[in-house]
Amino acid sequence: MNIETSPIWVVAHQENCHLLPVTPQLVGQARKLADVLGTRVGVVLLGHGVDTQTEHLIAAGADRVYLGNDPDLAIYHPEIYTDVIVKLVNEHDPQIFLMGSTSVGRELAPLVAARLKTGLTAHCTDLGINRDGILEQKIPAYGGEITIVCPDRRPQMATVAQGVFPGPSPDNGRRGEVVPIQGPFPISGRIQTLEIVMDEPDGIPLDTASCVLAGGAGAGDLDGWSKIAELATILNAGLGCTRPAVDEGWAELETMIGQSGKMIRPETYLGIGLSGEQQHMVGVSGAKVMIAINSDKKSPVFHQVDYGIVDDCRAFVPVLLEKIRQYKEGQISCQ
Amino acid sequence: MLKIVVCIKAVPDPKEACNLKIDPVTKTLLRCDVSLVLNPLDKHALEAALRIKAETEAHICVLSMGPPEAGNIVKECMALGADEGILLSDPCFGGADAYATAYTLAMGVQKIGDVDAVFCGMASSDGATEWVGPEMAIMLDMPVVTMVQELTTCKGESWEVKAAWENGYRRMQVRLPALLTVTRDLNTPRALSFSGIIKARKKVITQWCLDDLGVPAERVGVKGSPTIVTEMCAVENRRTVAFFEGTREEKAEALLQKLIEGGVL
């Protein structure tokens, strides 16, 4: 097959039969890349009761949806999903294959890539096509950005976190084809998903909060962290964090902001006690107003924000909290 | 007896890793000395194996790929209680991406032979791809569970584990031989003990090179890597900062006003 005309593929990520936001975002980006290369966009959708979602994928830019709609595919099973996808890829030879950096994608992508003996770039923050028609995959590293390519093997595979690319405005007039994936889907005996349990996330969701606070190693300890959490509550803001805060056990992995976590665009971002690591900052660089508090005036974080406060956040945050309380009380007594 | 391989990586100390920077002019990494430490997540993988060994008869082999200096980190794992340490080291192995790294380590596991379980940290602090564990599993034809946060039952041939999932968890049943990648939630790793260090002095690290693994040079290192880095660039200042000056009170007041202005309050 002529590599230039082979399609660009995306794995659709869904939860309870609804597409996760990363799915149309990836389809939209695949559409842009496909238009540069003059090729088609294919989407693989696996689950049970997901057939109603195919129109959304087509509206987002898909030309063809490979639909595996079967009780055996209802719940994510690493080996069945890998087998189905590898077989499809071998039949259709996509040149580029994208997945979301979701729980499923982070496990499925390397399983598929290893089976196909191809390269896989983790948590890209941009994707483009170079002059040779090769996919350029950008990731933040070493305080800058590096470009990775997979020149010889196909497909060129990458994962991308939710929020990296904007969701396309759906074009309900677009037409596409739905191709059913034929079973049976043999169950592997050596691994089994017993159950997947999902809780409602705590606090204000980071993706939609208009103000987001992020705390880092500068919090010092759990006490320092709880002050930052208090600040988020009083500001009605989402509370995110950097990798060190997760490492210290102060914050959950789900609240990590950055390349391998959440990619967000709040109106206001307030970074507290963090050093401005590229892997974190790339997740909030689209914020409208950015403010940072750090005890070191030379910290790289101050090259990446609009307003800076040089102070130890452990001493500063309690003072700020008090100011906000006074302000709020004043507001109430004025009414 | 249960044979567990724990894959570990010597990484630049995360506390000093911010010193690794791209030179804006040459667009290559600025040379600097950053000390190597045991990848933080791998400590949890080793701890899991040590706890199993405390319950049942088990042999723990620590496996790593890296430069000869990484031998010290393998030694550290032996001081923590591993029975055997193997370092895959050869100039040919250098510059490997996740795929070539997974292949080389998988060949190491295969050479060790009769392995019941392979444990890895879910990611390394420097590479941060999360791919090496699951890719090894494919190459070894083992089932894999990534991001394991609890070993619910690990007796007999069939284990039950709990693994991280967006806003929740999943429970998986997996038959040995299997590969697990682990998260920080799994356990609290033990600290090095003086007696452990003394005992480890007598233990010998095995070093295997390309010929020992018996694999072609095209499959490892740069040559065996499907992906390559084509460009590095330093990121310019994105924004110009205005500092709030004055006493702590004054700075807090200025920030409060900024938050009111921005509609946060």
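Since the model is a prediction, treat every value here as computed from it, not as a measurement. (Residues numbered from 1 in each chain as written. Chains lettered and ligands numbered in written order. Predicted model: local features only at pLDDT ≥ 70, side-chain atom pairs only at ≥ 80, totals over all residues.)

K.L.:
Quick one: what's the story with the overall build of chain B, residue by residue and with numbers?
P.N.:
Across its full length, chain B carries 7 helices and 13 strands. Projected onto its principal axes, the C-alpha coordinates of chain B cover approximately 65 × 45 × 40 Å. The 265 residues of chain B split such that 46% are buried. Relative to all contacts within chain B whose residues are 6 or more apart in sequence, the contacts with residues 24 or more apart total 69%. (Helix = DSSP H or I, 4+ residues; strand = E, 2+ residues; numbered from the N terminus. Buried ≥ 20, exposed ≤ 12 C-beta atoms within 10 Å, placed from the backbone. Contact = placed C-beta atoms within 7 Å.)

K.L.:
Tell me about the overall build of chain A, and name the residues and values.
P.N.:
Across its full length, chain A carries 8 helices and 18 strands. Against the 2.2 N^0.38 benchmark of 20 Å for 335 residues, chain A shows a C-alpha radius of gyration of 22 Å, consistent with a compact globule. For chain A, the spread of C-alpha atoms along the principal axes amounts to about 65 × 45 × 45 Å. Counting only residues that meet the buried cut, chain A has 54% of its 335 residues in that class. Considering only contacts within chain A whose residues lie at least 6 apart along the sequence, 67% involve residues at least 24 apart. (Rg over C-alpha atoms; globule rule 2.2 N^0.38 Å.)

K.L.:
Report on the interface of chain A and chain B, specifying residues and quantitative values.
P.N.:
Across the contact, 70 residues belong to chain A and 62 residues belong to chain B. Sorting the residues of the side of chain A that touches chain B by element identifies α3 (78-92), α4 (103-115), β7 (120-124), β10 (144-149), β13 (191-198), β17 (289-294), β18 (307-310) and α8 (313-334) of chain A as the ones contributing at least two each. Along the lines of polarity and charge, the residues of the side of chain A that touches chain B split into 36 nonpolar, 18 polar and 16 charged. Note that β13 of chain A and strand β9 (residues 168-175) of chain B share 7 bridges and pair antiparallel. (Nonpolar A, V, L, I, M, F, W, Y, C, P; charged D, E, K, R; others polar. Pairing = 2+ DSSP bridges.)

K.L.:
Which residues make up the sheet that holds strand β15 (residues 238-241) of chain A, and what values go with them?
P.N.:
Taken in spatial order, the 6 strands of this open sheet run β15(A)-β14(A)-β16(A)-β17(A)-β18(A)-β13(B), and their pairing is parallel. Looking along the sheet, the strands with just one partner apiece sit at the ends: β15 of chain A together with β13 (242-243) of chain B. Taken together, the 2 bridges between β18 of chain A and β13 of chain B define a ladder with parallel strand orientation. From the neighbouring strand, Tyr307 of chain A faces β13 of chain B, where its bridge partner is Ala242 of chain B. Across the sheet, helix α5 (residues 222-234) of chain A is in contact with β14 (211-215), β15 and β16 (268-272) of chain A; its angle to β14 of chain A comes to roughly 180°. (Axes fitted to C-alpha atoms, helices over the stretch in contact; angles between N-to-C directions.)

K.L.:
Tell me about the domain arrangement of chain A, and name the residues and values.
P.N.:
Residue and element names in this part refer to chain A. Domain boundaries in chain A define domain 1 (3-180) and domain 2 (211-334). Each of domain 1 and domain 2 has a C-alpha centre, and these two points are 33 Å apart. Contact residues are listed per partner, giving 12 residues for domain 1 and 9 residues for domain 2. Across the side of domain 1 that touches domain 2, the residue classes break down as 5 nonpolar, 7 polar and no charged. (Domains from an automatic or database assignment.)

K.L.:
Account for the nonpolar core, with residues named and values stated.
P.N.:
Counting 186 residues, the largest nonpolar core has Val6, Val62, Ala102, Val118 and Phe119 of chain B as the members making the most contacts within it. Considering every element that reaches this core, the biggest residue donor is helix α3 (residues 98-112) of chain B, with 9 residues. The two domains that each donate at least three residues to this core are domain 1 (3-180) and domain 2 (211-334) of chain A. (Core = buried A, V, L, I, M, F, W, Y, C linked by C-beta atoms within 7 Å.)

K.L.:
Summarise helix α1 (residues 22-37) of chain A; cite the residues concerned and give the values.
P.N.:
Each turn of an α-helix holds 3.6 residues, which means side chains three or four residues apart point in the same direction. Relative to the 22 Å expected for 16 residues at 1.5 Å per residue, α1 of chain A spans 22 Å between its end C-alpha atoms, a close match to the ideal helical length. Downstream of α1 of chain A by a residue or two, Gly38 of chain A has a phi angle that is positive, lying close to 70°. (Expected span 1.5 Å × (residues − 1).)

K.L.:
I'd like a rundown of the packing of helix α2 (residues 71-80) of chain B against helix α5 (residues 194-202) of chain B, residues and numbers included.
P.N.:
Residue and element names in this part refer to chain B. Relative to each other, α2 and α5 sit at 120°, their axes nearing to 7 Å. Comparing the axis directions of α2 and α5 gives the class oblique. When you trace α2 past α5, the crossing you get is right-handed. Residue-level inspection shows Lys75, Met78, Ala79 and Leu80 of α2 in contact with α5, the latter providing Gly196, Ile197 and Ala200. Counted by class, the contact of α2 with α5 contains 5 nonpolar, 1 polar and 1 charged residues. (Parallel < 35°, antiparallel > 145°, perpendicular 65-115°, else oblique. Left-handed = near helix turned anticlockwise from the far one by under 90°.)

K.L.:
Describe the environment of Val220 of chain B, listing the residues and the values that go with them.
P.N.:
All names here are of chain B. Within the fold, Val220 resides in the loop between α6 (210-213) and β12 (228-234). Val220 gets classed as buried once you count the C-beta atoms within 10 Å, which come to 25. Separated by 211 residues in the primary sequence, Val220 and Lys9 have C-alpha atoms spaced 17 Å apart. Filtering out sequence-adjacent residues up to four positions away, Val220 remains in contact with Cys92, Phe93, Ala96, Ala100, Tyr103, Thr104, Leu210 and Val215.

K.L.:
So what's going on with α4 of chain A? Which residues, and what values?
P.N.:
Residues and elements named next belong to chain A. The first and last C-alpha atoms of α4 sit 19 Å apart over 13 residues, in line with the 18 Å expected at 1.5 Å per residue. The buried fraction of α4 is high, at 12 of 13 residues. All buried positions along α4 are accounted for by Ser103, Val104, Gly105, Arg106, Glu107, Leu108, Ala109, Pro110, Leu111, Val112, Ala113 and Ala114. Just downstream of α4 lies Lys117, where phi reads positive at about 55°.

K.L.:
Any chance you could break down the packing of α4 of chain A against helix α4 (residues 132-140) of chain B for me, citing the residues and the numbers?
P.N.:
At their nearest, the axes of α4 of chain A and α4 of chain B sit 8 Å apart, and the two run at 40° to each other. Classified by the angle their axes make, α4 of chain A and α4 of chain B are oblique. In this structure, α4 of chain A crosses over α4 of chain B, and the sense of that crossing is right-handed. Taken together, the residues of α4 of chain B that come into contact with α4 of chain A (itself represented by Glu107, Pro110, Leu111, Ala113, Ala114 and Arg115 of chain A) are Pro134, Glu135, Ile138 and Met139 of chain B. Its residues assigned to classes, the contact of α4 of chain A with α4 of chain B comprises 7 nonpolar, no polar and 3 charged.

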